[in-house]
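Below are the chains, spelled out letter by letter.
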Amino acid sequence: MSGTHGTNTTAGPGVGPTPPEATESTGQAVARPDAIEAVLGRVRAIVPAEGVISEHSRLRTYECDGLAHYKVTPALVVIPEDARQLAGVVRACAEAGVPFVARGSGTGLSGGALPRADGVLIVTARMRSVLDIRAEDQRAVVEPGVINLDVSRAVAPHGYYYAPDPSSQQVCSIGGNLAENSGGAHCLKYGFTTNHVTGAEWVSPDGDVVQLGGLAPDTPGYDLLGAVVGSEGTLGVATKVTVRLTRLPEEVRTLLAGFASTDEAGAATSAIIAEGVVPAAIEMMDALAIEAAEAAVQPNYPAGAGAVLVIELDGAADEVEHEFAAVERLCRDNGAFEIRVASDPTERALIWKGRKSAFAAVGRISPDYIVQDGVIPRTALPEVLREIAHLSESSGVRVANVFHAGDGNLHPLVLFDESVPGSGEAAEKVSGAILDLCIKHGGSITGEHGVGIDKAAYMPRMFNDEDLDTMQLVRCAFDPQNISNPGKVFPTPRLCGEVPGKRKGVHPLQEAGVAEVF
Amino acid sequence: MSETRASSRATENAAARRALEEACGRVEDATEADLVDGVQPDLVARPTSTAEVSEVMRAAAAHGLVVVPRGRGTKITWGAPPARADVVVDTSGLDQVLEHAAGDLVAGAQAGTRLAALQEVVAGAGQRLAIDETVPGASIGGTIAAATSGPGRVATGTVRDLLIGVTVVRADGVVAKAGGRVVKNVAGYDLGKLVIGSFGTLAVVTEAMFRLHPEPDARSYVSVPVADPAEAHRRTQDVVHSQVVAGAVELDWSAGAGTLTLMLQGVARGVEGRTSTALRVLGDSATASTRAPEGWGRYPWDLGATGDDRRVDMKLAFALSGLSDVLTAVDAAGVPVRLRGSAGAGVVYASMPGDTDVAQAGAVVERLRATCAKHGGSLVVLDAPAAVKRGLDVWGPVPALDLMRRVKDQFDPDHRLAPGRFVGGI
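Quick caveat: nothing in here was measured; it's all calculated off a predicted structure. (Residues numbered from 1 in each chain as written. Chains lettered and ligands numbered in written order. Predicted model: local features only at pLDDT ≥ 70, side-chain atom pairs only at ≥ 80, totals over all residues.)

1. Looking at the overall build of chain B
Piece 1. Within chain B, the secondary structure is distributed over 13 helices and 19 strands.
Piece 2. Looking at chain B alone, contacts between residues at least 24 apart form 69% of all its contacts between residues at least 6 apart. (Helix = DSSP H or I, 4+ residues; strand = E, 2+ residues; numbered from the N terminus. Contact = placed C-beta atoms within 7 Å.)

See the structure below:
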C-alpha cells in the first residue's frame, strides 16, 4: 500500500486492497478491555468529562486521519486541556501498558494518526493557545494544537511569520507538524519544521515531562529535540513548542511560466539553480494537473501548456529584483512561451490557487486518486518523469504530476475509478512503482507526508535491517514498552530487551569512580 | 598486582592488539601526541574505510576496549577528559570526498576529510558547504561531533541544518545509515541529529552527506563601535529586525566595549544596496569594507595553546533579549574576559586567563551560566587547563539527562565510547 487515497465522493475501506499488516499494527487483534477500563478510570479523574469520549458512535469520528483509506475505531478518545492533563493520560497508559496515539488536526497523509483499536487517541485540539510571542528573541511558544497559519497571523503585527507552510496550513497543527517534520512549498529556501523548532516541552512515553531544547540554540547534550521532530508520534507527545520566527521579507515576487513540456520546465529549473539563485519556491504542474486545476478553480494558466512553473522569490528588494530578471531570462532561454508576473497580492494568490488546490482538483477529472509523495535528486527529474509517463502508458493508469521541482519532491496523483474492477489495484501498482523509481534514483520514499502506517512496508527498500535496527535503538530509549503510536514507521518492532525504567541512585560510571557528577 | 595477574593482563593486551591488527592494517602504539586531554591511550588504530572501522569496533568490543574516536585531533581536548582511553580510532585515513552532485547542491565525504578539502572540491562549481571552519584543519567528522559553528550560522544555520545523511559505526561494530542524499526526506529517524555534538560518545561517524549553497557573488562587512552592553544590544536588535538580511551579525567584545560587524552576501547589486541600508540603520559611526575584520570567525583564544597554556574557553548561548545582561555579567566577572561570536544568533564564545584561580574561574562560570540560563540558554566550558576543568562543572546542568542516558545505554551499553567526556558523565 502506498499513497493517500482521495476521492470526490467518500473514501471507504473498500478502496484498494486491505493491507496485510492492518490487524497486527492497528491493535485490532489484541484489545484488552480491562486495561482500557483501568485507563478510563484514571483519565476521568484527570480530564473533564467533555474531554473523554468512550461511546462507540462518537469514537468513530476519529477513526481516520487525512489518509481516509485506513480506518480503526479507537478504544478511547481523550482531549486534554493542558500539559498536566496530557501527561497524566500518557502516564495512565504507560502504567496499564495501553498504547496511545497523538493526533493534532488529523490532516496527515500517511496514516500517522491512525488510532489503535486497543488504545487511546489523545487529541490536542483543545490545547490551542499561543502562549508567548517573543519578537525580540524571534521566537513564539505555542501549544501543540495551535493551527500552523495562526502562528503567522499572531506574529505578523511584529513583522514576523512562521516559515514552514504545508499546503494544509489553514487547518494543520503545530504539534502534528513537529511529529511529521512538515515542509511546504517554501522549504526549498527556508527548510522544514526541524529547522524552525528550537524547543519543546515533551511528555515521554512513560508520562514524564521533560524540556528539550529551549529559547536559545545549541542546548548541550544529545539533540533529543532533533530526534523527536519527524518521529511521527513514536517517541512521545509535545505539550509546548518553541518555534523560530522569520522576518517577513521586504519583497515577494511570483511568476508563472508556461512550457511545451515538463522536459523544458525541468531544464529551466536546473538552469535557475545552476545560476546560484535560491528561490523561495519552484513548483511544477504537468498537463493533466493543469487540466484538473482549470476544471476546479480556473486559474487561467497558459493555454496549451504541457507544464507550468510557479516560481517565487523573496528577500531584500534589491536582490529580488535582480534575481527575478535572471529567472525570467532563464525561463525564456529554456522555452517558456508565456510568462506572467503577479503585479499584486491578488494576482499572486490566483497563481498559487491553481497549485495549492491541485490535489483536490484532481477529483474533477477522476473519481478516485492516490496522492503519492516521493523524492528524487533534482537532476533526475526529466528522466524520472519520462519513466513515470512510460509506467502510465504501459498500465493505462493516468498520472498527474504536481511537485516541488526545486527540491525534487514529487507528488504524482495516480488516478483510478473504484467502480471499475481492478482499477484500484492497478493504481496501487503504479503508485508503488513510482516509489521504487525514487529509491532507484537515490531519493526517498517520503519527502513530507511521512511513513506512518502507509509506507512502513516500504522502509526496508530504503534502509537495511541494521539501519532500521539502529533507528529503533532510539525508540527503545524513549519507549521501551512500545506504546507510543506503535505500528507506525517501522515494519517490525524491535525487542528492546530489558525495560530499563528510571535509573535510581548513581550512574554506573559514577559508581566506578570514572565520571564526576555535579 | 601479582605477577600472574600482570602477565595475564599482558597476554590479554597482546590478544587485543592482534585483534585490532587483523581488523585494520595500521595499528600503532600511542605516543604523547595521542593524549586525549591528558589521558594516555595505549594504541592508535587508523582504519581507511567504514568496513575497517566496523572491524576495529568489533575487535574493541570483543576485548572490552574503551575507544575514543578522533578526526584530525583539532578539538580532542574539548569537553571533559575521558575516564579511560584504550584505543584511539583515528579517522584521518577516511579522507575521500565521495560525491559532489553540483546540480543537486549536495556533497558527501568520509569523516576524516578535512572540511577545507571538501570546500575546495565544491568551490569548483561555485558552491560551498555553509559551515565555517572555526578551527583550521578540522575534519568533517570532528566538526559534526563537536557541532562547531561560526558567523555564517545567522543565515545558513549550523551542521544540524545542513547534514542530510550519515553513516555511523556503532560501539558493537554494526554499520548503520540514516537520511540519504536528497535534502527533503522524512523517512525514518534523523540519527544525524543525535550524533551532532555528541563528542564521539554515541557512535563513530564515517561518512556524511550535506546540502550545499551557492557561493555568493559578493560580500561586504559593515562595522560599528558599541560603547556599552546597552548599545550592543540595541544595535543588534536594530539589525536583526531590519531588512538588511545579514549573513552574519558578529560582536567582538572586551573591557566593556566592542565592535558589531554585519556581513552581507549575495548578488553584487543587492549587497551594494543592503550595505547602504545597513550604514543607515547603524548610524554615522558605521563603516563598510569588502574585507572581513581581524579575527573574523576565530574563537577569542589561541588555538595553538595546549596544557596549562590554555585559557578557559567557553561557549555561551542565550535568547537574543539576553545580550545586554550577558555582556554586563561578562564585564562584572572580575577577570578580563574576551568575547566574540554571533550576537545575531545568541551564540558567543568567551575566554578568561588560564591562570585564573580555580575557585574564581568556577565562580565566574557559575555566574555567567546563571545569566545564560535566565535567558533560556546555557554555558559550556569547551576547554581549560586540567586543574580548572577538575574544579568546575564543564557541561553544567542539562535537562532531560535521564533520557540522554537511556539513549547512550541503547547505543553503547558497555559505555566504551569516550566515557565521561560528555554531559552528566556520559
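Right, picking up where we left off after that structure.
2. Examining the overall build of chain A
Piece 1. A tally of helices and strands in chain A yields 18 helices and 20 strands.
Piece 2. Its C-alpha atoms give chain A a radius of gyration of 24 Å, near enough to 24 Å, the size a compact globule of 518 residues would have.
Piece 3. Within the span of chain A, comprising 518 residues, buried residues form 60% of the whole.
Piece 4. A separation of at least 24 residues holds for 73% of the contacts in chain A among residues at least 6 apart in sequence. (Rg over C-alpha atoms; globule rule 2.2 N^0.38 Å. Buried ≥ 20, exposed ≤ 12 C-beta atoms within 10 Å, placed from the backbone.)

3. Section: the pairing of strand E19 (residues 378-383) of chain B
All names here are of chain B.
Piece 1. Among the 6 residues in E19, 6 count as buried, and that is most of the element.
Piece 2. Pairing of strand E16 (residues 312-317) with E19, which is carried by 5 bridges, proceeds in the antiparallel orientation. Note that in E19 the partner of Met314 across the bridge is Val381. (Pairing = 2+ DSSP bridges.)

4. Remarks on the confidence of the model for chain A
Residues and elements named next belong to chain A.
Piece 1. Chain-level statistics for chain A give a pLDDT mean of 90 and a share of 91% at 70 or above.
Piece 2. This model gives residues 6-21 a pLDDT under 50, and the stretch forms 29 contacts once residues within four places in sequence are excluded.
Piece 3. The model gives residues 499-518 a pLDDT under 50, and that stretch makes 35 contacts with residues more than four places away or in other chains. (pLDDT = per-residue confidence, 0-100.)

5. Quick word on the nonpolar core
Piece 1. Ranked by internal contacts, the top residues of the largest apolar core, which has 301 residues, are Val120(A), Leu309(A), Leu413(A) and Leu262(B).
Piece 2. Residues in contact with Leu262(B), not counting those within four places in the same chain, are Tyr221(B), Val222(B), Val239(B), Val244(B), Ala246(B), Ala248(B), Val249(B) and Ala278(B). (Core = buried A, V, L, I, M, F, W, Y, C linked by C-beta atoms within 7 Å.)

6. Details of unusual backbone geometry
The general pattern is negative phi for most residues beyond glycine and trans for most peptide bonds.
Piece 1. At Asp218(A), a position not held by glycine, the phi torsion is positive, near 55 degrees.
Piece 2. The topology assignment puts Asp218(A) in the loop between strand E10 (209-213) and helix H8 (224-228).
Piece 3. Look at Asp218(A) and you get buried, because 23 C-beta atoms sit within 10 Å.
Piece 4. In this structure, Ala255(B) takes a positive phi of about 50 degrees despite not being glycine.
Piece 5. If you trace the backbone, Ala255(B) turns up in the loop between strand E13 (248-254) and strand E14 (257-266).

7. Thoughts on the interface of chain A and chain B
The figure often quoted for interface size is the accessible area lost as the parts come together.
Piece 1. Taken residue by residue, the interface counts 83 residues in chain A and 81 residues in chain B.
Piece 2. Taken together, the elements giving at least two residues each to the side of chain A that touches chain B come down to E10, H8, helix H9 (262-274), helix H11 (317-333), helix H16 (459-462), helix H17 (465-478) and helix H18 (508-511) of chain A.
Piece 3. For the side of chain A that touches chain B, the element with the highest residue contribution is H17(A), accounting for 9 residues.
Piece 4. Here the residues of the side of chain A that touches chain B sort into 34 nonpolar, 30 polar and 19 charged. (Nonpolar A, V, L, I, M, F, W, Y, C, P; charged D, E, K, R; others polar.)

8. Quick look at the sheet that holds strand E15 (residues 287-289) of chain B
Residue and element names in this part refer to chain B.
Piece 1. Taken together, 8 strands build an open sheet; the order of strands is E15-E12-E14-E13-E17-E18-E16-E19 and the sheet is antiparallel. A single partner strand is all that each edge strand has here, and the edge strands are E15 and E19. Sheet twist, expressed as the mean angle between neighbouring strand axes with direction ignored, is 20 degrees.
Piece 2. Inspection of the sheet shows E13 paired to E14 by 7 bridges, in the antiparallel sense. Each residue of the ladder has a partner; that of Ser254, found in E14, is Ala257.
Piece 3. Set on the sheet, helix H8 (residues 229-240) makes contact with strand E12 (218-226), E13 and E14; between it and E14 the angle comes to about 10 degrees.
Piece 4. In the packing of helix H11 (residues 358-374) onto the sheet, the strands contacted are E16, strand E18 (347-352) and E19, and the crossing angle to E19 comes to about 140 degrees. (Axes fitted to C-alpha atoms, helices over the stretch in contact; angles between N-to-C directions.)

9. Looking at H17(A)
Residues and elements named next belong to chain A.
Piece 1. The terminal C-alpha atoms of H17 lie 20 Å apart, and with 14 residues this matches the ideal 20 Å at 1.5 Å per residue to within 8%.
Piece 2. For H17, a buried count of 11 out of 14 residues is recorded, marking the element as mostly surrounded by other parts of the structure.
Piece 3. Turning to H17, its buried residues number three or more, namely Asp467, Leu468, Thr470, Met471, Gln472, Leu473, Val474, Arg475, Cys476, Ala477 and Phe478. (Expected span 1.5 Å × (residues − 1).)

10. Let's talk about the pairing of strand E19 (residues 399-404) of chain A
All names here are of chain A.
Piece 1. In terms of burial, E19 is largely enclosed, as 6 of its 6 residues are buried.
Piece 2. A two-sided burial pattern is seen for E19, the buried positions comprising Val399, Asn401 and Phe403 on one face and Ala400, Val402 and His404 on the other.
Piece 3. Bridge count for strand E14 (residues 281-286) against E19 is 3 bridges, and the pairing is antiparallel. Directly across from Glu283, in E19, lies its bridge partner His404.
Piece 4. Taken together, the 6 bridges between E19 and strand E20 (residues 409-416) define a ladder with antiparallel strand orientation. Considered in E20, the bridge of Asn401 is made with Pro412.
Piece 5. Following E19, the chain reverses through 4 residues before pairing antiparallel with E20; Gly408 in that reversal takes a positive phi of roughly 70 degrees.

11. Regarding the environment of Ser343(A)
Piece 1. Relative to the helices and strands, Ser343(A) resides in the loop between strand E16 (338-341) and helix H12 (345-356).
Piece 2. As a C-alpha pair, Ser343(A) and Leu255(A) span 88 residues in sequence and 9.3 Å in three-dimensional space.

12. What to know about the packing of H11(A) against helix H9 (residues 268-282) of chain B
Piece 1. At a closest axis distance of 8 Å, the pairing of H11(A) and H9(B) adopts a crossing angle of 165 degrees. As judged from the angle between their axes, H11(A) and H9(B) are roughly antiparallel. As for the relative orientation of H11(A) and H9(B), their crossing is right-handed in sense. Contact residues: Asp318(A), Glu319(A) and His322(A) in H11(A); Arg269(B), Gly270(B), Gly273(B) and Arg274(B) in H9(B). (Parallel < 35°, antiparallel > 145°, perpendicular 65-115°, else oblique. Left-handed = near helix turned anticlockwise from the far one by under 90°.)

13. Some remarks on the packing of helix H14 (residues 381-395) of chain A against helix H15 (residues 423-440) of chain A
Residue and element names in this part refer to chain A.
Piece 1. Viewed as axis vectors pointing N to C, H14 and H15 meet at an angle of 160 degrees, and their least axial separation amounts to 11 Å. The angle between the axes of H14 and H15 places the two elements in the roughly antiparallel class. The interaxial crossing formed by H14 with H15 has right-handed handedness. Here Val384, Glu387, Ile388, Leu391, Ser392 and Ser395 of H14 lie close against H15, whose contacting residues are Ala426, Lys429, Val430, Ala433, Ile434 and Leu437.
Piece 2. When the residues that make up the contact of H14 with H15 are grouped by side-chain class, the tally is 8 nonpolar, 2 polar and 2 charged.

14. Examining H8(B)
Residue and element names in this part refer to chain B.
Piece 1. Helix length check: H8, at 12 residues, gives a terminal C-alpha distance of 17 Å against a target of 16 Å (1.5 Å per residue), a fit within 8%.
Piece 2. Listing the buried residues of H8 in full gives Pro229, Ala232, His233, Arg235, Thr236, Val239 and Val240.
Piece 3. Turning to H8, the residues buried within the fold contact E12, E13, E14, H9 and helix H10 (323-331).

15. A look at the environment of Val135(B)
Residues and elements named next belong to chain B.
Piece 1. Looking at where Val135 falls in the secondary structure, it is placed in the loop between strand E7 (127-128) and helix H4 (140-146).
Piece 2. For Val135, a count of 20 C-beta atoms within 10 Å corresponds to the buried category.
Piece 3. When the C-alpha atoms of Val135 and Gly150 are compared, they prove to be 9.9 Å apart, with 15 residues separating the residues in sequence.

16. Some details on the environment of Ala35(A)
All names here are of chain A.
Piece 1. Mapped onto the secondary structure, Ala35 falls in helix H2 (residues 33-46).
Piece 2. The exposure class assigned to Ala35 is partly exposed, which follows from the 18 C-beta atoms found within 10 Å.
Piece 3. Along the chain, Ala35 and Ala92 lie 57 residues apart, while their C-alpha atoms are 10.0 Å from each other.
Piece 4. Setting aside residues no more than four positions away along its own chain, Ala35 makes contact with Ala96, Gly97 and Val98.

17. Remarks on the confidence of the model for chain B
Piece 1. A residue-level look at chain B finds 99% of positions with pLDDT of 70 or above and a mean pLDDT of 96.
Piece 2. The ipTM value of the predicted complex is 0.97, and its pTM value is 0.95.

18. Comments concerning the sheet that holds strand E4 (residues 100-103) of chain A
Residues and elements named next belong to chain A.
Piece 1. Pairing is mixed across the open sheet formed by 4 strands, whose spatial order is E2-E3-E5-E4. Of all strands in the sheet, those bounded by a partner on one side alone are strand E2 (52-53) and E4.
Piece 2. Sheet topology places strand E3 (residues 76-78) next to strand E5 (residues 120-123); 3 bridges connect them, and they run parallel. Within E5, the position partnered with Val77 by the bridge is Leu121.
Piece 3. Packed onto the sheet, H2 meets E2, E3 and E5 and runs at close to 20 degrees relative to E3.
Piece 4. The strands that helix H4 (residues 83-96) touches are E3, E4 and E5; relative to E5, the one it contacts most, it runs at about 165 degrees.

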